[in-house]
Structures are given as structure tokens and as C-alpha cells.
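Summary of the model geometry
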Amino acid sequence: MDVFQTERSGNGSKRFPKPVISFLIAFCLLYFASMFYRSSTSVLIGEVARDSITGEVTENVTRCSETESEDKRSSGTESMYVDKFLGGLLATGFDEESCISRYQAALYRKTSSHKPSAYLVSKLRKYEELHKRCGPDTESYRRTLKKLSSSHINGTTDCNYIVWTPSNGLGNRIISMASSFLYAVLTNRVLLVDHGTDMAGIFCEPFPDTSWLLPMDFPLTDQLHSLQPGNVHSYGHLLKMNNLDISAVSQAPPFLHLYLAYNYDKHDKLFFQDQNQGFLQKVPWLILKSDLYFVPYLFLIPSFQQELGKLFPDKEAVFHHLVRYLFHPSNQAWGLITRFYQAYLASADQKIGLQVRVFNRKASPVRVVQKQILGCIKKEKLLPQVDERKLIASPSKNKTSRAVTIASLYPEYYESIKSIYWMNATVNGDVIGVYQPSHEEVQHWGNNIHNLKAWAEISILSLSDVLVTSSWSTFGYVAQGLGGLKPWILYVPAGNQTTDRPCPRAKSMEPCFLSPPDYHRIPNTRERPHAVSPVPHVMKCEDAYNGIKLFNPKQL
């Protein structure tokens with residue numbers, strides 16, 4: 001008797017034709033196979049996601065979820081592949097457990113639309129080879145170190161160095177280290193950094209099989225923290241003593257100081273003149289102190305322009321590539337970042353970062369700054385408005401959850417915004433969570449834990465979908481560079497008046513060179529309009545009238 005039968009009213013049982021039976025058997029087999037495949041795929045994706053979070057995935061391509069568009073990514077997530085080597089920007093060969101963030105950060109951050117050029121990738125691999133050959137504890141390093149005891153240099157050296165020394169806060173330090181590294185790449189030097197004790201253990205080593213940390217027994221250590229404008233060992237002083245004619249100096253010294261901080265004088269600024277770069281190539285050791293992002297001016301030095309054009313065809317992504325290449329949170333810092341993310345941000349449909357930097361609390365009262373922040377949120381529609389008449393939000397299946405991270409030394413701005421969205425329902429039913437990782441009240445100089453927290457908060461801000469930063473703030477510059485974000489720039493008011501444009505959108509995600517030389521001003525004025533720059537991609541900053549920055553001219 002056939003298996004497949006059906007009961008028909010009044011007619012008893014009737015058998016199906018064989019073609020129908022064959023079709024039903026095939027259909028059932030296909031159905032069970034598809035269910036098995038879907039189940040297996042779900043398990044596989046779950047395992048990959050779990051392994052990614054614990055740092056166990058070692059393949060180049062992993063799977064994660066990303067929010068929708070750059071400006072308004074609030075309607076869920078989609079699964080996509082993420083290249084943990086960032087298009088070749090990051091080198092292979094590292095012990096991944098020693099720096100989990102190096103390859104795992106890509107799982108938390110939106111995929112960048114700015115890809116490194118093949119020439120930049122090649123140049124970075126060549127630099128890594130140079131650093132490995134000339135870095136600390138190599139024969140070349142020891143041989144060049146002996147030159148420091150000479151009064152002058154005869155001939156050339158195997159390796160030349162630039163030693164970076166810290167100045168001001170962590171944001172200033174990161175942007176100046178990135179600038180120093182680019183200068184090292186352009187001039188075939190090895191970058192060594194003096195992190196001291198207050199930055200110890202917050203970054204991973206950026207180069208494979210070597211270290212960029214200046215050895216503690218470096219002979220000039222005593223001089224590093226006393227560099228000031230007009231230092232007798234500075235390049236500016238050398239030019240001043242020779243009537244600004246470097247050709248009058250017959251032999252190069254074994255080392256020179258480069259003072260490129262915000263208060264450098266007119267002689268120190270002569271570093272940026274092209275005719276002075278040739279002499280610096282003869283000096284094996286350059287000791288640099290800076291708190292500035294001086295990269296834009298390197299694009300104005302004719303001897304560097306062709307190389308920079310090949311390295312960075314995308315002019316507004318220079319810092320974006322440099323900061324993602326050089327700076328990776330240590331495992332301790334990454335723990336702070338990921339714990340905060342998982343606790344407060346992971347489930348949100350949209351992540352909004354708000355960085356508030358007030359340089360003078362008396363000049364910028366809390367009440368006025370709060371009004372400026374709320375004006376920014378309202379004018380740019382960064383968060384939904386609240387309905388003070390409605391006690392409970394209307395139920396909706398399409399509610400969007402938004403997580404706001406506020407980074408500030410002070411708690412008042414966080415408390416104000418949190419209170420607004422806790423005490424009132426939003427007009428569209430969206431759920432708003434407001435969080436602040438820390439509020440230190442004052443900036444603690446020379447404090448390792450303070451810098452660790454600052455680095456964690458910069459990194460958390462960089463994971464945002466939407467970012468608001470404060471004008472003139474290097475803290476914000478680093479966050480926008482890491483995240484590849486064009487922020488809304490919050491103009492922190494001075495006095496009791498807010499502005500009509502509380503937070504215009506930046507036209508470039510590059511940091512501002514806040515204190516450039518005056519070579520390209522209009523004579524007898526303080527103006528530096530666009531037309532004065534000899535290249536179209538260096539123009540005035542949006543947030544600092546006297547500053548300059550890099551732009552993509554076609555996008556203006």
C-alpha cells in the first residue's frame with residue numbers, strides 16, 4: 001500500500017499519481033536541508049562573533065555589525081566584513097594577545113571610507129624595516145649614540161633619529177607624535193619617544209619586533225624636559241647666532257633641539273623654511289618638543305610636496321591614517337574601553353559623542369555653556385526634543401535608542417542633559433541614555449591614571465556615529481581622527497553670550513595647526529585667507545582663526 005494517501009469525502013481513499021509523490025518527497029528533502037543549513041550558519045556566525053570579542057579570531061576578515069550612515073545611523077545594524085589590517089595600514093607579525101585592540105578595534109568602529117594609498121602602505125613597511133635595523137639595542141643605534149660626544153659630525157651616519165619629548169596634555173602629545181612620525185618618514189629618520197612615567201603602559205608598541213621607546217639611559221635625558229624657546233642647543237638659536245644664514249655653519253653638530261610648541265619664537269619657526277631642511281639632514285640627532293599638529297605646514301614645504309602627494313592623495317585623511325597606525329590602546333586601556341562600551345553603548349541604535357572642553361570656567365560660565373550645548377543639539381537635530389506635557393512616551397514599535405557619551409572634566413553638563421531626558425519623554429518616543437565615564441574636575445599633570453582614563457575616553461568617543469567636539473580641543477581632534485568623523489564643532493562661549501551658530505559641521509576631519517608661522521599672511525595684516533596658501537588643500541581652520549588645516553578642495 002502506498003504511503004501518501006488522502007481522504008476524500010464520500011469517495012473513500014484515493015492514491016496520488018507518482019509524479020506528485022516524487023515532487024512532495026523532493027520538496028520535503030529540500031525543506032529539511034535548508035533548515036539544517038540555516039541552523040548551521042547561525043551557529044557559525046555566533047561563534048565568529050563570540051571569538052571576535054575575545055580576540056580569538058586570527059583571520060584577516062571577520063564579521064561584525066555596523067550602524068547605517070555617517071550622519072544618521074539609527075535604524076538597526078547590518079552584518080558586514082571588516083578588514084582588521086585596515087587595508088594594509090597595519091602590519092602583520094605581532095603577538096595579538098599582547099595588544100588585543102590592534103586588530104579588534106575594527107569590530108567596534110564603523111568601517112572607514114578612507115583607504116590608505118598603496119604607496120603609504122609600502123612606505124610604512126619600509127619604515128618598519130628601518131626602525132628594526134636602527135632601533136634601540138641595535139649596533140647602528142649604539143654607533144650613532146657615540147656621535148653625541150663629538151663636537152661636530154664628519155661624514156654620514158648609518159641611522160638618523162628624531163627624539164620626541166612631551167608637552168601639555170595627552171591630546172597635544174598624540175597629535176605632535178603623529179606629526180613627528182610623518183616628519184621622520186619624510187626625512188628617513190627613526191622616531192623614538194620619551195613617554196616618561198605618566199604615559200607608561202597606555203599605548204601598544206606600533207612597530208613589529210622593536211620598540212619606539214627612548215631608552216632610559218639616553219645620554220641627553222636631563223635636557224629633554226628643560227627645552228624652552230631660544231635654547232642654546234636649538235636650531236633657532238643656531239640660526240640667530242649666524243644671522244639666519246645656515247650656510248655660515250661649516251660643520252653640523254651631533255644634535256639640535258627643535259622647539260615647535262605653541263610659544264615658539266620667530267627663530268624656532270624658521271624650521272619650516274625649505275632652505276633650512278637640507279642642513280638638518282646632516283644632524284644625526286634631532287630632539288623635538290612640540291604640542292602641535294604641524295603636519296599642514298609640511299605640505300607647504302616644496303621639497304616634501306611630491307612625496308606627500310603620493311603618500312596622501314586623500315588630504316583630509318592624513319591624521320586618520322597616522323593615528324590609527326601608531327596609537328593602539330594597551331590591554332589595560334582596552335579593558336576600560338570595552339567594558340564601558342558593552343555596558344552602555346553596545347545595544348544602542350545610535351551612539352552620540354559629546355566632548356566639552358572649557359579652558360576658563362570663569363570666562364565661560366556653566367549656565368552659558370549648557371545653553372550653547374542645548375542650542376547645538378536643537379539646531380542640528382542631534383537628539384529629539386522633549387515633550388514636557390507628556391509624562392509617558394507613546395508606545396511605538398519603531399523607537400530608536402540613542403546612547404550619549406559625554407566627555408568632560410566637569411559633571412554639570414552631563415547632569416543637565418541626563419536630567420532633561422530622564423524627567424521628560426521625547427516627542428517621538430526615542431529612548432535616550434546619557435553617560436559620562438569620569439569627571440576629574442581638574443587636569444592632573446604627570447599622572448599616569450589620569451592619562452589612561454583620558455585615552456580611554458578619547459577612544460570611546462571615536463566609536464560614535466555622531467560626534468560633537470569643542471573648538472581648539474586636541475582631545476576632540478584625536479577622537480575625530482580615530483573615528484574618521486567630521487564633527488560638529490561646539491564653540492565654547494567666552495562671556496555670557498551664546499552664538500547664533502553654536503556648532504557648525506566641520507568640513508574636514510583633520511586637526512588644526514593652531515599656531516603656524518606667519519609666512520603666508522597678507523603683509524601688514526592678520527589675514528590668512530584661502531588665496532594666500534600656495535596649495536589648495538591648506539586653508540584656515542573652522543575653529544581657530546589663525547590656524548591652518550588640510551582639506552579636500554573638491555569636497556568644499
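Anything mentioned here points back to the structure above.
Residues numbered from 1 in each chain as written. Predicted model: local features only at pLDDT ≥ 70, side-chain atom pairs only at ≥ 80, totals over all residues. Heavy atoms only, no water.

**So, the sheet that holds strand β6 (residues 190-193)**
The parallel open sheet is built from 4 strands, whose spatial order is β6-β5-β8-β7. Bordering the open sheet on either side are β6 and β7 (255-260), each of which pairs with just one other strand. Averaged over all pairs of adjacent strands, the angle between their axes in this sheet comes to 25°, without regard to strand direction. In terms of strand pairing, β7 meets strand β8 (residues 285-290) through 6 bridges, oriented parallel. Bridge pairing in β8 links Y259 to K289. The strands that helix α3 (residues 118-134) touches are β5 (161-165) and β6; relative to β6, the one it contacts most, it runs at about 65°. Each of β5, β6 and β8 touches helix α5 (residues 170-186); the most contacted strand, β5, lies at about 175° to it. (Pairing = 2+ DSSP bridges. Helix = DSSP H or I, 4+ residues; strand = E, 2+ residues; numbered from the N terminus. Axes fitted to C-alpha atoms, helices over the stretch in contact; angles between N-to-C directions. Contact = heavy atoms within 4.5 Å.)

**Some words on the sheet that holds strand β11 (residues 401-407)**
Reading across the sheet, the 5 strands line up as β13-β11-β9-β14-β15 and stay open at both edges, with parallel pairing between neighbours. Sheet topology places β13 (431-435) and β15 (488-490) at the edges, where each strand pairs with a single neighbour. Each strand of the sheet is rotated relative to its neighbour by a mean of 20°, with strand direction disregarded. Sheet strands in contact with helix α14 (residues 412-423) are β9 (350-355), β11 and β13, and its direction is about 160° off that of β13.

**What about unusual backbone geometry?**
Most peptide bonds are trans, and most residues other than glycine sit at a negative phi. You will see that D137, though not glycine, has its phi angle at about 70°, which is positive. The class of D137 is exposed, set by a relative accessible area of 66%. Here the phi dihedral of D209 falls at roughly 60°; this positive angle occurs in a residue that is not glycine. Looking at the element boundaries, D209 is found in the loop between β6 and α6 (221-224). (Buried < 20%, exposed > 50% of the residue type's maximum accessible area, 1.4 Å probe, protein only.)

**Description of the state of the cysteines**
In this structure the tally under the stated criterion is 4 disulfides. The residue that forms a disulfide with C134 is C159, at a sulfur-sulfur distance of 1.9 Å. On the sign convention where negative means left-handed, the S-S torsion of about -65° between C134 and C159 marks this disulfide as left-handed. On the criterion of sequence distance, the pair formed by C134 in helix α3 and C159 in the loop between α4 (139-145) and β5 is long-range, its members being 25 residues apart. C134 gets classed as buried once you look at its relative accessible area, which sits at 0%. The side chain of C376 participates in a disulfide bridge whose partner is C503; the two sulfur atoms lie 2.0 Å from each other. Residues C376 and C503 share a disulfide whose torsion about the S-S bond is about 90°; that sign makes it right-handed. With C376 in helix α13 (residues 366-379) and C503 in the loop between β15 and β16 (538-540), this residue pair connects regions lying 127 residues apart in the sequence. (Disulfide = S-S within 2.5 Å.)

**Notes on the nonpolar core**
Ranked by size, the top nonpolar core spans 111 residues in total, and within it F181, F327 and W455 carry the most contacts. Here this core spans two domains, and each of domain 1 (100-326) and domain 2 (331-550) adds at least three residues to it. Once residues within four sequence positions are removed from consideration, F327 is found in contact with I174, M177, A178, F203, W212, W455 and L482. Within the second largest apolar cluster, 26 residues are counted, among which are I373, L382, V404 and V468. (Core = buried A, V, L, I, M, F, W, Y, C linked by side-chain atoms within 4.5 Å. Domains from an automatic or database assignment.)

**Considerations on the pairing of strand β14 (residues 466-470)**
Of all 5 residues that make up β14, 5 are buried, and the element is covered over most of its length. Of the two faces of β14, the one holding V466, V468 and S470 and the one holding L467 and T469 are both buried throughout. With 3 bridges joining them, β9 and β14 adopt parallel strand pairing. Bridging across to β14, I352 finds its partner in V466. Relative to β15, β14 runs parallel, the two being bridged by 3 bridges.

**Section: the pairing of β9**
Where a strand is regular, its side chains alternate between the two sheet faces. Taking burial as the measure, the 6 residues of β9 include 6 buried ones, the bulk of the element. Of the two faces of β9, the one carrying Q350, I352 and L354 and the one carrying K351, G353 and Q355 are both buried. With 6 bridges joining them, β9 and β11 adopt parallel strand pairing. By the bridge assignment, G353 is partnered in β11 with T405.

**As for the packing of aromatic side chains**
A full pass over the atoms with the stated rule returns 28 aromatic pairs. When the centroid spacing of 5.7 Å and the interplanar angle of 35° are considered together, the rings of F181 and Y325 count as tilted. With F181 in helix α5 and Y325 in helix α11 (residues 318-326), the pair connects residues that are 144 residues apart, well separated along the chain. Given the relative accessible area of 1%, F181 is considered buried. Ring centres 6.5 Å apart and planes at 80° place the aromatic pair F271 and F294 in the edge-to-face group. Of this pair, F271 sits in the loop between β7 and α8 (277-280) while F294 is found in the loop between β8 and α9 (295-298), placing the two residues 23 residues apart along the sequence. (Phe/Tyr/Trp six-rings, centres within 6.5 Å; stacked < 30°, edge-to-face > 60°.)

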